Amino acid sequence: QVSLEESGGGLVQAGDSLRLFCVTSERTGSIGWFRQAPGKEREFVAAVRLRDGTTDYAESAKCRITSSRDITKRTLYLQMRNLNPEDSAVYYCAASHPLILHATSTEYPYWGQGPRVTVSS
């Protein structure tokens, strides 16, 4: 059973940057980042393969979001820039043992608790 501990959420202003952290209890194949805004479905943001750092991003995230990892610390990072109120959501990291980068939440069996990010205008 893989556990994921997230941190880094909070209240920021439009235009600010924010970094989310996700620490895993053991090494896995890939990590996905998802977010869910109130009244909306959970949506894919980014994914990273731990072995070689290969990433995949949602089209809406490519210009402003960077996903990276530090294998030695079993820590994943989601760096978000130029945030706007539409980015307000609960952000989740999720782990999967296979190396394939999935954009579908059902492919990830292990989930973090999801810190909330609120962007004020």
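Worth saying up front: this structure is predicted, and the values here are computed from it rather than measured. (Residues numbered from 1 in each chain as written. Predicted model: local features only at pLDDT ≥ 70, side-chain atom pairs only at ≥ 80, totals over all residues. Heavy atoms only, no water.)

Asker: I would appreciate a short explanation of the overall build of the protein in the present structure.
Answerer: The helix and strand tally for the protein stands at zero helices and 11 strands. Taking 121 residues into account, the globule formula puts the C-alpha radius of gyration at 14 Å, and the protein, at 13 Å, falls close to it. Across its three principal directions, the C-alpha atoms of the protein cover 40 × 30 × 25 Å. For the protein, buried positions account for 46% of its 121 residues. Across the protein, the fraction of contacts at a sequence separation of at least 24, relative to all contacts at a separation of at least 6, is 57%. Looking at the protein as shown, the accessible area adds up to about 6200 Å², and 47% of this sits on carbon and sulfur atoms. (Helix = DSSP H or I, 4+ residues; strand = E, 2+ residues; numbered from the N terminus. Rg over C-alpha atoms; globule rule 2.2 N^0.38 Å. Buried < 20%, exposed > 50% of the residue type's maximum accessible area, 1.4 Å probe, protein only. Contact = heavy atoms within 4.5 Å. Areas by Shrake-Rupley, 256 points an atom, 1.4 Å probe, with all protein chains shown as cover.)

Asker: Sorry, what's going on with the packing of aromatic side chains here?
Answerer: To describe a pair of aromatic rings, one takes the distance between the centres and the angle between the planes. A full pass over the atoms with the stated rule returns five aromatic pairs. Judged by centre distance (5.7 Å) and plane angle (70°), the ring pair of Phe34 and Phe44 falls under edge-to-face. Note that Phe34 is positioned in strand 4 (residues 30–36) and Phe44 in strand 5 (residues 43–49), a separation of 10 residues in sequence. Here Phe34 matches Phe44 in class, with each residue buried. Taken together, a centroid distance of 5.3 Å and an interplanar angle of 45° make the contact between Phe34 and Trp111 tilted. One end of the pair, Phe34, is in strand 4; the other, Trp111, is in strand 10 (residues 110–111), and 77 residues separate them in sequence. (Phe/Tyr/Trp six-rings, centres within 6.5 Å; stacked < 30°, edge-to-face > 60°.)

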